[in-house]
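Working through the structure, step by step
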Amino acid sequence: MLILNPSVLGTVVGQDATVHDYAVLAWFVSSMGMVGGAFGSGLEDDGTVRNAAYGERQRQRWQKLQEEKEVWEEPEGET
């Protein structure tokens, strides 16, 4: 009700806007956002999604963990 004027919403739905109309609109917009986000993230590789979702500090932590993992792993064929 703060962003979308009740008279404008009422004109679109063909009746006076109610709280229910705003709730349905919020549900619809949220659902479409989730579907769009899921579709978009499905088109990207894991690295791109991770870079978009996490900050620089988290990327530094992952890089440090990966470097430590490489140090502790033995080359194949050696025991």
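A quick note: this is a predicted structure, and the numbers were derived from the prediction, not measured. (Residues numbered from 1 in each chain as written. Predicted model: local features only at pLDDT ≥ 70, side-chain atom pairs only at ≥ 80, totals over all residues. Heavy atoms only, no water.)

Moving on: the overall build of the protein. The number of helices and strands found in the protein is 4 helices and 0 strands. Traced from its N-terminal end to its C-terminal end, the protein shows the element sequence α-α-α-α. Residue burial in the protein is summarised as follows: out of 79 residues, 5% are buried. In the structure as shown, the protein presents an accessible area of about 7100 Å², 60% of it carried by carbon and sulfur atoms. (Helix = DSSP H or I, 4+ residues; strand = E, 2+ residues; numbered from the N terminus. Buried < 20%, exposed > 50% of the residue type's maximum accessible area, 1.4 Å probe, protein only. Areas by Shrake-Rupley, 256 points an atom, 1.4 Å probe, with all protein chains shown as cover.)

Another point: a nonpolar patch on the surface. The grouping of Leu25, Trp27, Phe28, Val29 and Met32 at the surface amounts to a nonpolar patch, some 530 Å² of accessible area in total. Tracing the backbone through its elements, the reader meets Val29 in helix H2 (residues 19-43). (Patch = residues over 30% accessible without salt bridge, like charges linked within 9 Å, V, L, I, M, F, W, Y side chains within 5 Å. Salt bridge = Lys/Arg side-chain N within 4 Å of Asp/Glu carboxyl O.)

A few words now on the confidence of the model for the protein. Overall, the predicted model of the protein reaches an average pLDDT of 80, with 89% of residues at or above 70. Considering each helix and strand of the protein separately, the mean pLDDT is smallest for helix H3 (residues 46-53), with a value of 76, and largest for H2, with 87. (pLDDT = per-residue confidence, 0-100.)

We now examine the packing of helix H1 (residues 6-13) against H2. Packing of H1 against H2 brings their axes to within 11 Å, and their N-to-C directions diverge by 80°. Classified by the angle their axes make, H1 and H2 are roughly perpendicular. Of the residues in H2, those in contact with Pro6, Leu9 and Val13 of H1 are Asp21, Tyr22 and Leu25. (Axes fitted to C-alpha atoms, helices over the stretch in contact; angles between N-to-C directions. Parallel < 35°, antiparallel > 145°, perpendicular 65-115°, else oblique. Contact = heavy atoms within 4.5 Å.)

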